[in-house]
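# Structural overview for review
Listed below are the residues making up each chain.
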Amino acid sequence: MLGAAAAVAVVLGAVAGGFLLATRDEPPAARAPGAEVGPSPDTDGAGADAAGPEATGPDEADAGADTAERPAERTADPEPPASPTPDAGTPTPSATPSPSAPVPGTWIAQLHSEPVSSGTAERDRRLAELRATVPEARVLLSDDHASLNPGYWVLYAPGPFTDGRDAVAYCADRGRTTGDSCVGRYLSGDASDRDLVCHPEGGGSGRCTRP
């Protein structure tokens with residue numbers, strides 16, 4: 001009995017050893033040339049790649065949204081240049097010529113004559129100074145009246161005056177009693193009337209009426 005069991009064990013051991021040798025000596029399976037061994041393709045990953053480009057990250061998306069929503073920056077409008085401040089030492093003319101023109105064929109009290117070449121600033125300064133004592137003083141251009149010598153701004157009181165004596169009487173009431181401060185003049189479009197000049201001396205001398 002024991003001998004038979006031992007014989008069976010020997011036979012089984014020989015069979016097992018032969019099987020192991022056969023398995024170890026079996027050559028590996030053939031592989032195509034150039035083929036690389038790698039991990040199995042990820043079906044899910046391949047599908048994601050094939051679906052489209054890589055999704056934009058949150059930072060880039062936010063940046064795009066900010067760019068779309070942010071209004072274009074405006075540059076500040078340039079401020080207009082400041083108006084020059086008047087020089088305190090420069091006098092500002094306070095008097096301007098009266099818009100009303102004297103009526104031809106009437107007498108005026110001529111208070112001052114200023115050459116046109118002196119400029120309008122000097123004319124206005126003289127007029128403002130004169131109006132301190134004769135508020136109704138006005139100015140005219142002698143070129144507009146043939147009875148006056150051309151080229152002057154004439155500062156005058158308009159009256160109305162009946163004649164040259166009436167004009168110089170007006171001046172005397174204001175302390176203007178010399179020929180440098182007042183004369184009666186006749187306004188017309190006739191150059192032959194230039195000699196119609198009434199001087200204040202003696203209450204009116206020269207040509208104080210028009211024939």
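Above this text sits the structure in question.
Residues numbered from 1 in each chain as written. Predicted model: local features only at pLDDT ≥ 70, side-chain atom pairs only at ≥ 80, totals over all residues. Heavy atoms only, no water.

### With respect to the overall build of the protein chain
Counting its regular elements, the protein chain contains 5 helices and 6 strands. Mapped in sequence order, the helices and strands of the protein chain form the string α-α-α-β-α-β-β-α-β-β-β. Here the protein chain, with 211 residues, has 23% of them falling under the buried criterion. Partitioning the intrachain contacts of the protein chain with sequence separation of at least 6 by distance along the chain shows that 63% fall at a separation of at least 24. Accessible surface for the protein chain amounts to roughly 14,900 Å². Of this, 57% is attributable to carbon and sulfur atoms. (Helix = DSSP H or I, 4+ residues; strand = E, 2+ residues; numbered from the N terminus. Buried < 20%, exposed > 50% of the residue type's maximum accessible area, 1.4 Å probe, protein only. Contact = heavy atoms within 4.5 Å. Areas by Shrake-Rupley, 256 points an atom, 1.4 Å probe, with all protein chains shown as cover.)

### Concerning the pairing of strand β4 (residues 183-187)
When you tally the buried positions in β4, you get 5 out of 5 residues, the bulk of the element. Here β4 shows no split at all, with Val183, Arg185 and Leu187 on one side and Gly184 and Tyr186 on the other all buried. Bridge count between β4 and strand β5 (residues 197-199): 2 bridges; the pairing is antiparallel. For Gly184, the partnering residue across the bridge sits in β5 and is Cys198. (Pairing = 2+ DSSP bridges.)

### Examining helix α5 (residues 164-172)
Those residues of α5 not exposed but buried are Gly164, Ala167, Val168, Tyr170 and Cys171. End-on, the buried residues of α5 take up no more than an arc of 150°, which puts them together on one face. Those residues of α5 that are buried are in contact with β1 (106-115), β3 (152-161), β4 and β5. Here α5 starts with a cap whose side-chain oxygen sits 3.2 Å from the backbone nitrogen of Arg165, and that cap is Asp163. (Arc of directions from axis to C-beta. Polar contact = N/O pair within 3.5 Å; in protein donor to acceptor, adjacent residues only side chain to side chain.)

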